[in-house]
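Here is what each chain is made of, one letter per residue.
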Amino acid sequence: MENAKRNKGFVFKQYEKPFQSPFDKLFEIFQELITHTSGDFDEAIDWLRQLDKEFKLTTPEYTVDDFIADLKNKGYIVERVNFDGSGGMDISSKMEKALRQNALNQIFGKMQKGKSGNHKTKYSGRSDENTGDFRSYQYGDGLDKISITESLKNAQVNHGVGDFSLSENDLVVEDTQFKSQMSTVLMIDISHSMILYGEDRITPAKKVAMALSELILTRYPKDSLDVIVFGNDAWSIEIKDLPYLQVGPFHTNTVAGVQLALDILRRKRHANKQIFMITDGKPSCLKMADGTYYKNPMGLDPMITSKCYSMAAQARKLGIPITTFMITSDPYLQEFVDEFTASNRGKAYYTGLGGLGEMIFEDYEDNRKKRIR
């Protein structure tokens, strides 16, 4: 026994990466490339070939061409025939789901454990999930919720064993917790500033959207997520279109984005509604009543910002909080976001690209625990 005790301890050795097949190794890289190229298969493969030349990713036994053949055989890509008779490859719906799952694993990996469910609130009441706490029976409580053991215990304490009786005052029920459902609109800024100054801001935003959508689809299927993009105008996009999202030569019409988000949420039957907005720039565009656009990229235009504040206040009156994720650190832009957030009584985060996903995850999870009013 003494020898066994002395032999206990730690053994240190060099880290060995888990085995990956040649396909899995390239597939991991390919998912990143196809996301950066907004779903352009040919461009992603060109990048993969360049990386292969530089870092020797493949072997003579398994080449990039073998990888492409496997992608096709596994259903990740499909053949495309153009009107002029030329052809090519496009990613499939299976690949789109794989990209969402990959983004989920990268950003929300710690959420993979646990069962699917709805959004728990801090309010107790009639439901199907027990909290472990007990309370006195109230008129309207179901008989199946009465705790027989605790009620009999109360009867014995209150009336004694010899003269046993059970009254309504002795009855207790195991408390339960309301479950809420959440309707979320995610707004993504696709103005030109999202790729300015050599910094790719749209790809992280796109990854967050893919991860959040996959999280809701798989873990909270009773919730709803709508994704809208905003530049000079705002419009809805399908979740399946997220990998193809690109920045355009647009200004930033924040008013149009919030207006569309509110229109969507008004039609939702869920009691809890919220807006997440990812942006890196100041509002610089308005659509006028005659259909023309008023644009001013220089500084904060009072006419544009006042419209933004009015929309934020309108959302507050509807009980819809707006959480703004500002991926910039300019002080004068923070001043605008602070005022916008105050008008809505919402929340704002000033974050770099690296922490964007974690912040959205934490905020979404936090809203699971409360009923938004």
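Everything discussed here concerns the structure shown above.
Nothing here was measured: the structure is a model prediction, and the numbers come from that model.

Criteria and thresholds
- Residues numbered from 1 in each chain as written.
- Predicted model: local features only at pLDDT ≥ 70, side-chain atom pairs only at ≥ 80, totals over all residues.
- Heavy atoms only, no water.
- Helix = DSSP H or I, 4+ residues; strand = E, 2+ residues; numbered from the N terminus.
- Buried < 20%, exposed > 50% of the residue type's maximum accessible area, 1.4 Å probe, protein only.
- Polar contact = N/O pair within 3.5 Å; in protein donor to acceptor, adjacent residues only side chain to side chain.
- Contact = heavy atoms within 4.5 Å.
- Expected span 1.5 Å × (residues − 1).
- Pairing = 2+ DSSP bridges.
- Axes fitted to C-alpha atoms, helices over the stretch in contact; angles between N-to-C directions.

A. The arrangement of the side chain of Thr-203 in detail. With respect to the helices and strands, the residue Thr-203 is situated in helix 7 (residues 202-219). On the basis of relative accessibility, which here comes to 3%, the residue Thr-203 falls in the buried class. A polar side-chain atom of Thr-203 sits 2.5 Å from a polar atom in the side chain of Asp-200. Ignoring sequence-local partners within four residues, the contact set of Thr-203 consists of Thr-35 and His-36.

B. Main features of helix 6 (residues 148-159). Here helix 6 contains 12 residues, and its C-alpha end-to-end distance of 16 Å stays within 8% of the 16 Å for a straight helix at 1.5 Å per residue. Immediately downstream of helix 6, the backbone of Gly-160 shows phi near 85 degrees, a positive value.

C. Geometry of the sheet that holds strand 12 (residues 347-350). Sheet architecture is open: 6 strands sit in the order 7-6-5-8-11-12, paired in mixed fashion. The open sheet has two edge strands with one neighbour each: strand 7 (234-237) and strand 12. Strand-to-strand twist of the sheet, defined as the mean angle between neighbouring strand axes without regard to direction, takes the value 20 degrees. Of the strand pairs in this sheet, strand 6 (residues 224-230) and strand 7 are connected by 4 bridges, and their pairing is antiparallel. By the bridge assignment for strand 7, Phe-230 is matched with Ala-234. Those strands touched by helix 8 (residues 254-266) are strand 5 (182-189), strand 6, strand 7, strand 8 (272-279) and strand 11 (322-326), and its axis lies near 160 degrees from that of strand 5.

So far we have only geometry, and geometry alone does not tell us how the molecule works.
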